[in-house]
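# Structural characterization, general
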Amino acid sequence: MNILDKYIIKKFLAAFFFSVVILVSVICVIDFTEKNDDFIQHNLSMSTVIFGYYIYLFPYFANLLSPITIFIAVVFVTAQLAARTEIVAILASGVSFRRLMLPYAIGGTVVGMLIFGLIGWVLPLGNKSRVAFERAYVKRPYRFQGRNVHIRIGPRSYVYMESYTNDSNTGYKFALETIDGTVLRRRLTADVISWDSTKKVWHLSPQLVRTFHGPQDERLQTLPARDTTLNLFPKDFASTYRLAETMTLPELNTFIRTKIERGADDTQLYLSEKYERYSYPFAIVILTLIGVTLSARKSRAGVGGQIALGFVLAFVFIIFVMLSRNLAQVGSLAPLVAAWIPSMVFTVIGLALYRFVPK
């Protein structure tokens, strides 16, 4: 790494962190004005709001807007070098355009690795507090609205509830079924099932048990009210508001395995979150190199015009991410494919731009 590399990396990273601080600060101020009525309604002090919420919201927005801020930083630094004809001098000295992109690639990789560590382990820890704050003071109280709920709790065991009230952790019209393949072997029903928070068990009202030993062999048994343990907990009916954002990568992997074992219908959402955490840092590097390619030549629109173009491309990337995420959640695309489509599309765009840029 020579002096030129250090010079570009230093300016690039400084511009990136400066863009993050300025842009995210403005957004946090706007967010505060929108939520100030909620804070006043709950009589929250300024210190509680700042250290209980915005200290965690700031890095969340910093990560969310990283495609925009990385573009701003790259375009700003490179356009300045081009405006001062420094890039022309560098290329005239025998340095290839590909070699010129090396310090940007190094800087983008550093930012990408930082983001991967943040979204995999650090940000979820802060998001736990941020999401809990939003549930308590910003969002309306949560009520479980599911009807006719089916949950797989074991290789052969399935739970059914007609309804569930999370305020009292009580389910109604409960059924526990044991199924071998497609054959029903046993069905236990109870009118009410409630969670005993002291004993950490479920309390069942009197039950009716049907055991099937053959097509014509059905036995009935009545059991009194009793306590029992199930691979089922009140948290399974709790709010899933931004739940994926509150889990570290190991926690997310464990949670996905549990979802798959239970045959949950929202597994796609968490798989998308997982794969996006791997693709996002790669996208940062791609966007960095595209920014260099776009702004390495002088433009009549000046630095401002090139920054505006960077904004547009960064927003297009974010739209691609949101669109592919929605397609994955509704099952139109595999989560792995959906997570990598924006990066792949912009990789192709970057290669096309690189081919036609003056070198």
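Now for a look at the structure at hand. Since we're looking at a predicted model, the values are computed, not measured. (Residues numbered from 1 in each chain as written. Predicted model: local features only at pLDDT ≥ 70, side-chain atom pairs only at ≥ 80, totals over all residues. Heavy atoms only, no water.)

The residue E245 is located in the loop between β9 (226-228) and α7 (249-262) in this model. A residue is classified by how much of its surface remains accessible, and E245, at 17% relative accessible area, is buried. Sequence-distant contacts of E245, defined by excluding residues within four places in its chain, comprise Y60, P124, N127, R130 and R277. (Helix = DSSP H or I, 4+ residues; strand = E, 2+ residues; numbered from the N terminus. Buried < 20%, exposed > 50% of the residue type's maximum accessible area, 1.4 Å probe, protein only. Contact = heavy atoms within 4.5 Å.)

Here the focus is the pairing of strand β4 (residues 170-180). Along a regular strand, successive side chains alternate from one face of the sheet to the other. For strand β2 (residues 157-161) and β4, the ladder comprises four bridges, and the chain directions are antiparallel. Looking across to β4, one finds that V159 is bridged to L176. With three bridges joining them, strand β3 (residues 163-165) and β4 adopt antiparallel strand pairing. Paired with T165 across the bridge in β4 is T170. (Pairing = 2+ DSSP bridges.)

Our focus in this paragraph is the packing of helix α1 (residues 3-41) against helix α2 (residues 46-64). Running from amino to carboxyl end, α1 crosses α2 at an angle of 135 degrees, the nearest separation of the two axes being 10 Å. By the angle class used here, α1 and α2 are oblique. Here α1 runs over α2; the crossing is right-handed. The residues of α2 that touch α1, namely those facing V20, V21, V24, S25, I27, C28, D31, F32, K35 and F39, are M46, V49, Y53, Y54, L57, F58, F61 and A62. For the contact of α1 with α2, the residue count by class is 15 nonpolar, one polar and two charged. (Axes fitted to C-alpha atoms, helices over the stretch in contact; angles between N-to-C directions. Parallel < 35°, antiparallel > 145°, perpendicular 65-115°, else oblique. Left-handed = near helix turned anticlockwise from the far one by under 90°. Nonpolar A, V, L, I, M, F, W, Y, C, P; charged D, E, K, R; others polar.)

For the structure on display, the rule yields 23 aromatic pairs. Centroid distance F282 to W340: 5.6 Å. Interplanar angle 55 degrees. Geometry classified as tilted. Taken together, the residues F282 in helix α8 (residues 267-295) and W340 in helix α10 (residues 335-356) connect sequence positions 58 residues apart. Through successive ring pairs, a cluster of aromatic residues spans F32, F39, Y53, Y54, F133 and Y137. Across from the ring centre of F233, 5.8 Å away, lies the NZ or CZ of K235, which sits over that ring. (Phe/Tyr/Trp six-rings, centres within 6.5 Å; stacked < 30°, edge-to-face > 60°. Lys NZ or Arg CZ within 6 Å of the ring centre and 35° of its normal.)

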